[in-house]
Amino acid sequence: KSDSCAMEIENKNEDKKEKVDQSTSHSTSLSDVPTLAFPSISTSDFQFDHGKASDIIVETIAEFLQKAKNVRLVLVDLSHKSNILALVWDKAAKKSIDSSKFFTFVGDITQLYSKGGLRCNVIANAANWRLKPGGGGVNAAIFSAAGEALEVATKERAESLSPGSSIAVPLPPSSPLYQREGVTHVIHVLGPNMNPQRPNCLKNDYVKGSKILRDAYMSLFENFASIAH
Ligand code: AR6
């Protein structure tokens, strides 16, 4: 319970920060800081262990933030009851990760600005290997909110994705996600799959799976850094 309270407070602070930003015209205002919002890759439909995933998320974030300057990372999930947000929140605090550079946020990743007041210019998608819309989860939500523009722009960049890799797609300004939310890029990420009903199931091989998940986050953060700078 205390975790979800902490997240609520964080969200409220975030709202406040963003409101202050909008009322000032400083070029260094927080809403100008390149921000990546990302879902927890592979931990829902792909059934990856939450304890192991949260370790990998926190480790790769810590590694990335050591090198990257002037960026923010935000892990998003739909519910205050999110187990993965609570685990990551806790482990990030224990590692003393700077909470102005990384925090968790409860909300729909396709409505972070319009509903949550949080400006994120880049969002990540937990994609499928065919880079196709639908299939439920965050993939269906992002393709549906972005409209056909995202499908077309994605096809121009790649036909498929291998586990552990990502691809950045610039969002056409005609997309509702660009216009309403200020999202300029979607980065599709393919994580490891532990669900026997989905392609490339790793059959509980967490040696392979953990490496793929780590590669997926490193690739996501590097792609984001090259957009940001
Ligand atoms: N906003 C924020 N977070 C969300 C949203 C949303 N709108 N929807 C879901 N989540 P999942 P995976 C969270 O299953 O495990 C798809 O069918 C969710 O609570 O979307 O990597 C693809 O086509 C969870 O924490 O992705 C692939 O085939 C996280 O997003 C497959 O699922 C990821 O859950 C990928 O499975």
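Given the structure is predicted, the values throughout are model-derived calculations rather than measurements. (Residues numbered from 1 in each chain as written. Predicted model: local features only at pLDDT ≥ 70, side-chain atom pairs only at ≥ 80, totals over all residues. Heavy atoms only, no water.)

**Some remarks on the overall build of the protein chain**
- Looking only at helices and strands, the protein chain features 7 helices and 6 strands.
- Scanning the protein chain from its N terminus toward the C terminus, one meets helices and strands in the order α-β-α-β-α-β-β-α-α-β-α-β-α.
- Counting over 229 residues, the protein chain shows a buried share of 49%.
- By sequence separation, contacts in the protein chain at least 24 residues apart represent 71% of the contacts at least 6 residues apart.
- With the model as given, the accessible surface of the protein chain reaches about 10900 Å², and the carbon-plus-sulfur share is 52%. (Helix = DSSP H or I, 4+ residues; strand = E, 2+ residues; numbered from the N terminus. Buried < 20%, exposed > 50% of the residue type's maximum accessible area, 1.4 Å probe, protein only. Contact = heavy atoms within 4.5 Å. Areas by Shrake-Rupley, 256 points an atom, 1.4 Å probe, with all protein chains shown as cover.)

**Some details on the nonpolar core**
- Formed by 38 residues in total, the largest nonpolar core has its most connected members in Phe38, Leu73 and Phe102.
- Mapped onto this core, the elements with two or more residues apiece are strand E1 (35-39), helix H2 (50-67), strand E2 (72-77), helix H3 (83-94), strand E3 (102-106), strand E4 (122-126), strand E6 (185-189) and helix H7 (206-228).
- Here this core takes 9 residues from H7, the largest share from any one element.
- Not counting the four nearest positions on each side in its chain, Phe38 is found in contact with Ile57, Ile61, Leu73, Val74, Leu75, Val76, Phe102, Ile109, Ala124, Tyr217, Leu220 and Phe221. (Core = buried A, V, L, I, M, F, W, Y, C linked by side-chain atoms within 4.5 Å.)

**Observations concerning the packing of aromatic side chains**
- For the structure shown, the criterion picks out 5 aromatic pairs.
- Where Phe38 meets Tyr217, the ring centres are 5.9 Å apart and the plane angle is 70°; that geometry is what we call edge-to-face. A residue pair is termed long-range when its members are at least 10 positions apart, and Phe38 in strand E1 and Tyr217 in helix H7 qualify at 179 residues. Across the pair, Tyr217 and Phe38 agree in class, each one buried.
- Considering the side-chain rings of Phe64 and Phe221, the 5.3 Å spacing of their centres and the 35° angle between planes classify their relative orientation as tilted. Of this pair, Phe64 sits in helix H2 while Phe221 sits in helix H7, placing them 157 residues apart in sequence.
- Its guanidinium or amino end placed over the ring of Tyr206, Lys52 lies 4.8 Å from that ring's centre, counting from NZ or CZ.
- The ring of Tyr113 is capped by Arg119, whose NZ or CZ atom sits 4.2 Å from the centre of that ring. (Phe/Tyr/Trp six-rings, centres within 6.5 Å; stacked < 30°, edge-to-face > 60°. Lys NZ or Arg CZ within 6 Å of the ring centre and 35° of its normal.)

**Notes on the layout of surface pockets**
- In this structure, the largest pocket spans a volume of roughly 820 Å³.
- Surrounding the largest pocket, 40 residues form its lining, Ser44, Asp45, Ala126, Gly137 and Val138 being those nearest its centre.
- Of all the elements in the fold, those that place two or more residues in the lining of the largest pocket are E2, H3 and helix H4 (137-146).
- Of the residues belonging to the lining of the largest pocket, the class tally is 18 nonpolar, 17 polar and 5 charged. (1 Å grid on protein atoms, 1.4 Å probe; cavity = no way out; pocket = protein on both sides within 12 Å on 5 of 7 lines; lining within 4 Å. Points joined across faces, edges and corners; volume = space filled by probe spheres on them. Nonpolar A, V, L, I, M, F, W, Y, C, P; charged D, E, K, R; others polar.)

**Quick notes on empty space enclosed by the protein**
- In total, this model carries 1 cavity of 30 Å³ or more according to the counting rule given.
- Considered as a void within the structure, the largest cavity measures approximately 40 Å³ in volume.
- The wall of the largest cavity is formed by Ile109, Thr110, Gln111, Leu112, Tyr113, Leu118, Cys120, Ile123, Glu181 and Val183.
- Split into classes, the residues belonging to the lining of the largest cavity amount to 7 nonpolar, 2 polar and 1 charged.

**Concerning the site of the ligand**
- Around the ligand, 24 residues are found, and the nearest of them are Ser42, Asp45, Asp77, Gly135 and Val138.
- Within the side chain of Asn128, an N or O atom sits 2.9 Å from an oxygen atom of the ligand.
- Against a free-state accessible area of 700 Å², the protein chains account for coverage of 92% of the ligand.
- According to the grid-proximity analysis, the pocket containing the ligand is the largest pocket.
- Mapped by element, the contributors of at least two residues to the shell around the ligand are E2 and H4.
- Classifying every residue of the shell around the ligand by side-chain character gives 10 nonpolar, 11 polar and 3 charged. (Near = heavy atom within 4 Å. Polar contact = N/O pair within 3.5 Å; in protein donor to acceptor, adjacent residues only side chain to side chain. Sits in = over half its atoms within 2 Å of the grid points.)

**Focus on the pattern of salt bridges**
- Tallied over the full model, the rule gives 6 salt bridges.
- The partner of Arg198 in a salt bridge is Asp45, and the shortest N-O contact between them spans 2.7 Å. Taken as a pair, Arg198 in the loop between E6 and H7 and Asp45 in the loop between E1 and H2 lie far apart in primary sequence, 153 residues in all.
- Accessibility expressed as a relative area gives 34% for Asp45, which makes it partly exposed. (Salt bridge = Lys/Arg side-chain N within 4 Å of Asp/Glu carboxyl O.)

**Here's the deal with the packing of H4 against helix H5 (residues 148-157)**
- Where H4 meets H5, the closest approach of the two axes is 5 Å, and the angle between their N-to-C directions is 105°. With respect to their mutual orientation, H4 and H5 come out roughly perpendicular. In this structure, H4 contributes Ile142, Phe143 and Ala146 to the contact, and H5 contributes Glu148, Ala149, Leu150, Glu151 and Thr154.
- Of the residues in the contact of H4 with H5, the class split is 5 nonpolar, 1 polar and 2 charged. (Axes fitted to C-alpha atoms, helices over the stretch in contact; angles between N-to-C directions. Parallel < 35°, antiparallel > 145°, perpendicular 65-115°, else oblique.)

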